[in-house]
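# Structure at a glance
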Amino acid sequence: MSLLDETHDPARQCWVASAEGHPDFPIQNLPLGVFSPPHGEACGGVAIGDAIFDLRAAAAAAMFSGAAQLAAAAASGPTLNPLMALGKEPRVALRKRLSELLRSDGAERKTVQGLSSRLLHYAADCVIHLPAAIGNYTDFFAGIHHATNASRLFGLGLTPNYKYVPIAYHGRASSLRPSGTSVRRPNGQRILEIGGPPRFGPCQKLDHEFEFGVWIGSGNDLGDPVSISRAADHIFGYCLLNDWSARDVQAWEMQPLGPFLSKNFATTISPWIVTPEALAPFRTAQSVRPKDDPQPLPYLWDDYDQREGALNIELEASLLTPGLKAQRKSPHRLSVANTRELYWTFAQMVAHHTSSGCNLLPGDLFGSGTISGPTSEGCGSMLELTQNGKKPIRVASGESRTYLEDGDEIILRAICRRAGYASIGFGECRGVILPPSRSLSQNVDPV
Ligand code: CA
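Read on for a plain summary of the structure. (Residues numbered from 1 in each chain as written. Predicted model: local features only at pLDDT ≥ 70, side-chain atom pairs only at ≥ 80, totals over all residues. Heavy atoms only, no water.)

One can find Gln306 in helix H10 (residues 303-308). Those residues in contact with Gln306 that lie beyond four places of it in its chain are Ala285, Gln286, Trp301 and Gln348. (Helix = DSSP H or I, 4+ residues; strand = E, 2+ residues; numbered from the N terminus. Contact = heavy atoms within 4.5 Å.)

Here it is in structure tokens:
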């Protein structure tokens, strides 16, 4: 079954000039999101080059029919949840029609281009929102190198269940924000001296975690699990995700029920949803497990998922400090990794999550878990990069870091590359650290 079609043709060009050679959003990508145009209300849109194609305006101009019209109408409101609920076919029809409307040599180019003042907005003039009302957020732990490194640094080993169960915890949906939103350093309980009592105050080990986000499209009924062979059909798309983490708070609070306040204060995502269709050329086989590892249990095993269910996407995290900004220097590259490093496929996450009968809803979001590579260059968090603060990172401004300081900005990016295909990306996932709130300052211990 080929998932490739004319929308992936690398020779296809777009009449929106900035889309040509765009590192993230050429015509082969067409990611979906929600934006407010200048003086307009929030609605669905498609990132194309430096512009946004307005789905509500295009639907009003009768540019779609059939399943594509159903999809465009569902994407005309302030969230994409109605489109997500429709499942795969309308989304595929919308992609094909958008590619036709935006291609340089399309039959309707002149008509569409004539309406471009209504249909296209400069992205820089718009406000980009979260793409959906996120009912539930679940954070997995499927990056095996991160799981191994983090477990060791917290003084634990990889738990015996890790290679059987796609481990996760239920996260906090209310504090998810789109790229560009600042992150306030949390206060919390942490141990300042070994063996001493906890004190309440600003987190001193603020960290990032480079994860991949998975958007759920059509859901399942309560009590009705999704089989592994159908699980991929429930995925609407993907984004980048930074699971900001307060390591000192986490170390004290997480036994025995897992992370709580150390993770719930902010999670940043890239706001454009890259669809499974756009990622079809970048599908790859799931990495073969080492021969001593157990085989997944039958409800998590599907031959096709093993052959095609992983993605080959390069991930890069950078740090921009106040010193680098002041000296107009480039961000410091922290790490390079790849989504192939995940121990479980996205379909396995969906199948496992619903195997209890738990119902997923359109607009639910999963984090993959921090994706680190096998070497020190691949570490997707400061915890791993600095060995929990023991090996500071030095940057070109002369500053050094063990964990993140106020004014630091983390920038996550990703690129999909394959010979014979147009490269596509996700746009940025970035956030600047702000000083802690002073509203509890009378309760804060001096450091
Ligand atoms: Ca995480």
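So, about the sheet that holds strand S2 (residues 43-48). Reading across from one edge, S4-S3-S2-S1-S5 is the order of the five strands in this open sheet, with antiparallel pairing throughout. Unpaired on one side and paired on the other, strand S4 (120-122) and strand S5 (127-129) mark the two borders of the sheet. Strand after strand, the sheet turns through a mean of 45° between neighbouring axes, direction not considered. Across four bridges, the pairing between strand S1 (residues 32-36) and S2 is antiparallel. Note on S2: the bridge partner recorded for Val34 is Gly44. The sheet contacts of helix H4 (residues 88-102) involve S1, S2 and strand S3 (51-54), and relative to S3 the element is tilted by about 115°. (Pairing = 2+ DSSP bridges. Axes fitted to C-alpha atoms, helices over the stretch in contact; angles between N-to-C directions.)

Moving on to the pairing of S3. The side chains of a regular strand alternate, residue by residue, between the two faces of the sheet. Here S3 shows two buried faces, one formed by Ala51 and Phe53 and the other by Ile52 and Asp54. In this antiparallel pair of consecutive strands, S2 and S3, the connection spans two residues, and Gly49 shows a positive phi of 55°. Direction of pairing for S3 relative to S4: antiparallel, over a ladder of three bridges. Bridged to Ile52 within S4 is His121. (Buried < 20%, exposed > 50% of the residue type's maximum accessible area, 1.4 Å probe, protein only.)

In this structure, Phe212, Tyr238, Leu279, Ile313, Phe346 and Phe426 are the most contacted members of the largest nonpolar core, which totals 66 residues. The contacts of Ile313, once residues within four sequence positions are left out, are Phe212, Leu279, Ala337, Asn338, Thr339, Ala414, Ile415, Cys416 and Phe426. (Core = buried A, V, L, I, M, F, W, Y, C linked by side-chain atoms within 4.5 Å.)

This brings us to the coordination of the calcium ion. Taken together, the protein ligands of the calcium ion are Asp139 (OD), Glu209 (OE), Glu211 (OE) and Asp243 (OD), with distances of 2.2 to 2.4 Å. Along the chain, the residues donating to the calcium ion fall in the pattern D-x69-E-x1-E-x31-D. Pair noted here: Asp139 is in strand S6 (residues 137-140) and Asp243 is in the loop between strand S14 (235-242) and strand S15 (245-246), with a separation of 104 residues, a long-range link. A residue is classified by how much of its surface remains accessible, and Asp243, at 0% relative accessible area, is buried. (Donors = N, O, S within 2.8 Å, 3.2 Å for Na, K, Ca; no water.)

A word on a nonpolar patch on the surface. On the surface, a nonpolar cluster with roughly 280 Å² of combined accessible area is contributed by Tyr164, Leu297 and Tyr299. Tracing the backbone shows Leu297 in the loop between strand S17 (283-284) and H10. (Patch = residues over 30% accessible without salt bridge, like charges linked within 9 Å, V, L, I, M, F, W, Y side chains within 5 Å. Areas by Shrake-Rupley, 256 points an atom, 1.4 Å probe, with all protein chains shown as cover. Salt bridge = Lys/Arg side-chain N within 4 Å of Asp/Glu carboxyl O.)

We now examine the pattern of salt bridges. Per the counting criterion, the structure on display carries 25 salt bridges. Note that Arg333 is salt-bridged to Glu316, the shortest N-O span being 3.7 Å. Placement of Arg333 in strand S20 (residues 332-338) and of Glu316 in strand S19 (residues 314-320) is noted, with a sequence separation of 17 residues between them. Exposure remark for Arg333: the relative accessible area of 54% places this residue in the exposed category. Since its relative accessible area comes to 32%, Glu316 is described here as partly exposed.

Right, let's get into the packing of aromatic side chains. Under the definition given, this model contains nine aromatic pairs. Residues Phe140 and Phe366 carry aromatic rings whose centres are separated by 5.2 Å and whose planes lie at 55° to one another, so their mutual orientation is tilted. Of this pair, Phe140 sits in strand S6 while Phe366 sits in strand S21 (residues 365-367), and the two are 226 residues apart along the sequence. By relative accessible area, Phe140 is classed as buried at 4%. (Phe/Tyr/Trp six-rings, centres within 6.5 Å; stacked < 30°, edge-to-face > 60°.)

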